[in-house]
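Each chain, written out:
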Amino acid sequence: MDLFRKNVHGKRGQAEIFGLIIIVVLLIFAFLFFVKVKQDDSSNVVLRSNFRANNLMNAIMNVNFGDDDMKELLKKCLDKGGRPAPECNVPNDELTKIFEKTLLEFEKFEFKGTKGGAEFTLPQISDCLEGITASPVRLRGNYMFTLKLCS
Amino acid sequence: MNKKGQLEIGITMMILLVFLILLIISLIVYFQFTYQGIKETRQEILDEKFSTLVNTITGLPELKCSTRGAERECLDAERLVAFGKVVNNVANINTYRGIKDNYLEEFGVNRLDVEVVYPDVGVGDCNQGEYRESCENFNLISFKNTGLKYTTPVSVYYPDENKYKIGKLIVTAEIN
């Protein structure tokens with residue numbers, strides 16, 4: 001009788017350990033599944049091509065403010081020696097607004113315009129080291145504008 | 001003897017548990033690499049699909065700006081309105097049967113919108129109202145709202161004002 005009781009207890013102990021192992025394994029798999037599902041909830045696509053940067057650069061250069069367009073405002077800014085000339089305030093503010101409205105939350109940018117020694121840059125330059133660069137826009141009068149987008 | 005047996009079972013179970021944990025850790029590492037590979041392939045497919053799609057859409061003569069045959073890199077607001085009306089008009093679906101299906105088959109696009117974001121314009125659907133200059137959303141195609149979304153800035157030209165604004169072309173599509 002005593003031997004029978006010991007055998008029953010031994011088998012119950014075995015079953016409990018097996019049960020425990022199964023629970024631990026199931027918990028680990030549930031955790032892994034949760035992590036994977038949480039990672040895949042984004043439906044927004046970000047491409048590595050410079051298509052977006054080129055499109056944005058083209059849109060920026062075309063956009064109008066009253067009778068002027070951005071090209072003319074940037075040229076005037078560079079003619080006055082670039083920032084901090086007062087002529088650069090409008091393009092600086094408007095470009096910042098444009099980037100806020102067109103870029104994704106995690107995207108950073110570097111917008112630069114040069115003419116001879118004069119340079120116009122937007123403040124986020126230090127944050128955007130490696131990224132996708134749009135084809136530079138060159139305008140008559142030795143002006144050049146570049147745009148880089150970083151994720 | 002029984003206690004010894006229990007102890008041995010306990011040790012075996014511990015070894016089994018440690019083995020299982022090691023197995024799971026190695027599986028995680030292995031699947032991480034596989035997952036990275038899958039993600040890379042997915043990105044390549046998306047790059048190819050959406051680059052081609054957006055290039056094609058922005059180059060469609062139905063939407064692109066042109067003056068006497070000379071094309072410019074922008075979308076014409078007048079054409080956006082006309083395109084949206086033709087594709088989404090119920091009467092046209094019956095008259096030109098399959099006009100929607102053709103675009104769906106050709107491009108696999110579930111939804112296509114152009115949203116004007118700069119400068120600030122009014123709020124509303126540009127295909128409906130009379131005052132097209134003060135609306136922000138041109139809905140071009142609207143089959144389904146599900147799928148992957150890709151957004152790219154575009155230049156939108158308003159011919160009657162002779163002005164350019166900045167919009168976002170929003171393509172919702174699925175990878176087939």
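Residues numbered from 1 in each chain as written. Chains lettered and ligands numbered in written order. Predicted model: local features only at pLDDT ≥ 70, side-chain atom pairs only at ≥ 80, totals over all residues. Heavy atoms only, no water.

Visitor: Describe unusual backbone geometry, listing the residues and the values that go with them.
Guide: Tyr118 of chain B connects to Pro119 of chain B through a cis peptide bond whose omega is -10°. Along the polypeptide, Pro119 of chain B turns up in the loop between strand 3 (109–118) and strand 4 (137–142). Even without a glycine there, the phi angle at Asn142 of chain A is positive, about 65°. Relative to the helices and strands, Asn142 of chain A resides in the loop between strand 6 (137–139) and strand 7 (143–150). The exposure class of Asn142 of chain A is exposed, given its relative accessible area of 60%. Phi at Asn162 of chain B is positive, roughly 55°, even though this residue is not glycine. Tracing the backbone through its elements, the reader meets Asn162 of chain B in the loop between strand 5 (148–158) and strand 6 (163–173). (Helix = DSSP H or I, 4+ residues; strand = E, 2+ residues; numbered from the N terminus. Buried < 20%, exposed > 50% of the residue type's maximum accessible area, 1.4 Å probe, protein only.)

Visitor: Tell me about the pairing of strand 6 of chain B, residues and numbers included.
Guide: All names here are of chain B. Counting buried residues in strand 6 gives 10 out of 11 residues, a clear majority hidden from the surface. In terms of strand pairing, strand 5 meets strand 6 through 11 bridges, oriented antiparallel. Looking at the pairing, Val156 lines up with Lys165 of strand 6. Counting the residues that bridge the hairpin from strand 5 to strand 6 gives 4 residues, and of these Asn162 lies at a positive phi of roughly 55°. (Pairing = 2+ DSSP bridges.)

Visitor: Go over the nonpolar core with me, naming the residues and quoting the values.
Guide: Grouped together as the largest cluster of nonpolar side chains are 34 residues, with contacts concentrated most on Phe50, Val114, Phe138, Leu140 and Val171 of chain B. When contributions to this core are tallied by element, the ones reaching two or more residues are helix 1 (2–58), helix 2 (77–88), helix 4 (99–107), strand 3, strand 4, strand 5 and strand 6 of chain B. Residues within four places of Val114 of chain B in sequence aside, it is in contact with Leu75, Leu80, Glu136, Asn137, Phe138, Leu140, Val154, Val156, Lys168 and Leu169 of chain B. In terms of nonpolar packing, the next biggest core, distinct from the first, is built from 33 residues, Met61, Leu73 and Phe111 of chain A together with Val117 of chain B among them. (Core = buried A, V, L, I, M, F, W, Y, C linked by side-chain atoms within 4.5 Å. Contact = heavy atoms within 4.5 Å.)

Visitor: Outline the pairing of strand 3 (residues 108–115) of chain A, listing residues and values.
Guide: All names here are of chain A. Direction of pairing for strand 3 relative to strand 7: antiparallel, over a ladder of 7 bridges. Following the sheet pairing, Thr114 is matched in strand 7 by Met144. Direction of pairing for strand 3 relative to strand 4 (residues 118–121): antiparallel, over a ladder of 4 bridges. Bridge pairing in strand 4 places Thr114 opposite Glu119. Where strand 3 hands over to strand 4, the hairpin turn is made up of 2 residues, of which Gly116 adopts a positive phi near 60°.

Visitor: Describe the interface of chain B and chain A, listing the residues and the values that go with them.
Guide: With 39 residues of chain B in contact, the opposing surface of chain A contributes 39 residues. Both sides of the chain B and chain A interface together cover about 3600 Å² of buried area, and 62% of this is carbon and sulfur. In terms of surface lost to chain A, no three residues of chain B exceed Tyr118, Tyr150 and Pro153 of chain B, which account for 18% of the buried area on that side. Our count for the chain B to chain A interface comes out at 0 salt bridges. Our count for the chain B to chain A interface comes out at 6 residue pairs in polar contact (both at pLDDT 80 or more). Elements represented by at least two residues in the side of chain B that touches chain A include exactly helix 1, strand 3, strand 5 and strand 6 of chain B. In terms of residues, the side of chain B that touches chain A owes the most to one element, helix 1 of chain B, which gives 20 residues. (Buried area = accessible area lost by both parts, 1.4 Å probe. Salt bridge = Lys/Arg side-chain N within 4 Å of Asp/Glu carboxyl O. Polar contact = N/O pair within 3.5 Å; in protein donor to acceptor, adjacent residues only side chain to side chain.)

Visitor: Pulling in residues and values, what's your account of the state of the cysteines?
Guide: This model, assessed by the stated rule, comprises 2 disulfides over all chains. Between the sulfur atoms of Cys77 of chain A and its disulfide mate Cys88 of chain A the distance is 2.0 Å. Judged by the sign of its S-S torsion, about 90°, the bond between Cys77 of chain A and Cys88 of chain A is right-handed. Separated by 11 residues along the polypeptide, Cys77 of chain A in helix 3 (residues 70–79) and Cys88 of chain A in the loop between helix 3 and helix 4 (89–102) bring together distant segments of the chain. As far as the burial class goes, Cys77 of chain A and Cys88 of chain A line up, both buried. At a sulfur-sulfur separation of 2.1 Å, the disulfide partner of Cys65 of chain B is Cys74 of chain B. (Disulfide = S-S within 2.5 Å.)

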